[in-house]
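These are the residues of each chain, in order.
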Amino acid sequence: MLIVSACLAGLNTRYDGKGCIDEKVYKLIKEGKAIPVCPEQLGGLSTPRCPSEICGGTGCDVLDRRARVITSDGRDVTENFVRGAYEVLKLAKAVRAKKAVLKAKSPSCGWGSVYDGTFTGNLIRGNGVTAELLMREGIDIESRG
Ligand code: SF4
C-alpha cells in the first residue's frame, strides 16, 4: 500500500480549497493501492487556509526544532505541521507503506525542494516536514506535481 498526498488524488485539500489531480495517483486510488492523506488537515488546520512556508530552514530543521512554519499573515503553525506529519506516519505504519507519492514544493509534502519562507516563490533544497519524517522512517518518497 502507498501513501499519497490527498490533493494529488483530486481531493480539495490545498490551502486555496482546490486540488491538483495527478492521473497516475488517481489511478492508484481507483485500484485500491493507495491511501490519500493531507498532513496539514490532519494537523488540525482548516481548508481553505492561509498559505504557509518554513522559515529558517527546511522540514528537517522543523522536526529538530530549529525552524518554524509560519503563515503568510504571520501565525506560527509549526505544531500543526509536526502533529500532521506524525499522524501520517501513524497511518503509514498501520498499512505498512513502503512508499509515499507526495506533492512537490509543499512545506509538508515537498521532496527535494521547498519554498524559502519569504513567500516570493524562491525555492531552497530540502524536504517538507511530513516528507522528511517519512524518509527518516525508511519510506521511499516520489515527488509529483
Ligand atoms: Fe495537503 Fe500535502 Fe496536498 Fe498540501 S501538498 S494540500 S499538505 S496533501
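Colleague: Tell me about the layout of surface pockets, and name the residues and values.
Modeller: Roughly 490 Å³ of volume is contained in the largest pocket. Taken together, 24 residues line the largest pocket, and the ones lying closest to its centre are Arg-14, Tyr-15, Glu-40, Ser-106 and Pro-107. Those elements that provide at least two residues to the lining of the largest pocket are α2 (39-42) and β3 (52-55). When grouped by side-chain class, the residues that make up the lining of the largest pocket number 13 nonpolar, five polar and six charged.

Colleague: Please provide a residue-by-residue account of the side chain of Thr-71, values included.
Modeller: Structurally, Thr-71 can be placed in strand β4 (residues 68-71). Among the polar contacts listed, one links the side chain of Thr-71 to the side chain of Asp-73, at a separation of 2.4 Å. Beyond its immediate stretch of four places on either side in the chain, Thr-71 contacts Cys-50, Pro-51, Ser-52, Val-77 and Phe-119.

Colleague: Before we move on, can you summarise the site of the ligand with the specific residues and values?
Modeller: In the region of the ligand, 14 residues are neighbours, and Cys-7, Thr-13, Cys-38, Glu-40 and Cys-109 sit closest. When atom positions are compared with the pocket grids, the ligand is found to occupy the largest pocket. For the shell around the ligand, a count of residues per class yields six nonpolar, four polar and four charged.

Colleague: Go over empty space enclosed by the protein with me, naming the residues and quoting the values.
Modeller: On inspection of all chains with the given rule, the structure shows one cavity of 30 Å³ or more. Empty space within the largest cavity amounts to approximately 30 Å³. Lining the largest cavity we find Leu-45, Arg-49, Cys-50, Ser-52, Thr-71, Arg-75 and Val-77. Looking at the lining of the largest cavity residue by residue, the classes come out as three nonpolar, two polar and two charged.

What counts, and where the lines are drawn
- Starting afresh in each chain, residues are numbered from 1 along the sequence in its written order.
- pLDDT decides what is reported in this predicted model: residues at 70 or higher carry local features, side-chain atom pairs at 80 or more are listed and counted, and totals for whole chains, interfaces and linings draw on all residues regardless.
- Derived side-chain values reflect all non-hydrogen atoms in the structure, with water molecules and hydrogen atoms excluded from consideration.
- Both site types are read off a 1 Å grid over the protein atoms alone. A 1.4 Å probe that fits but cannot get out defines a cavity, while an open set with protein on both sides within 12 Å along at least five of seven lines defines a pocket; lining residues have an atom within 4 Å of a point.
- Grid points are joined across faces, edges and corners, and a volume is the space filled by probe spheres set on the points.
- In this description a helix means any DSSP run of H or I spanning at least four residues, a strand means any run of E spanning at least two, and both kinds are numbered starting from the N terminus.
- Residues are grouped as follows: Ala, Val, Leu, Ile, Met, Phe, Trp, Tyr, Cys and Pro are nonpolar; Asp, Glu, Lys and Arg are charged; all remaining types, including Gly, are polar.
- Here a polar contact is taken to be a pair of N or O atoms separated by no more than 3.5 Å, where protein atoms must pair a possible hydrogen donor with a possible acceptor and residues adjacent in sequence count only if both atoms sit in side chains.
- Should any heavy atoms of two residues lie within 4.5 Å, those residues are counted as being in contact.
- A molecule or strand has a residue near it when one of that residue's heavy atoms lies within 4 Å.
- A pocket or cavity is taken to hold a molecule when more than half of that molecule's atoms are within 2 Å of the pocket's grid points.

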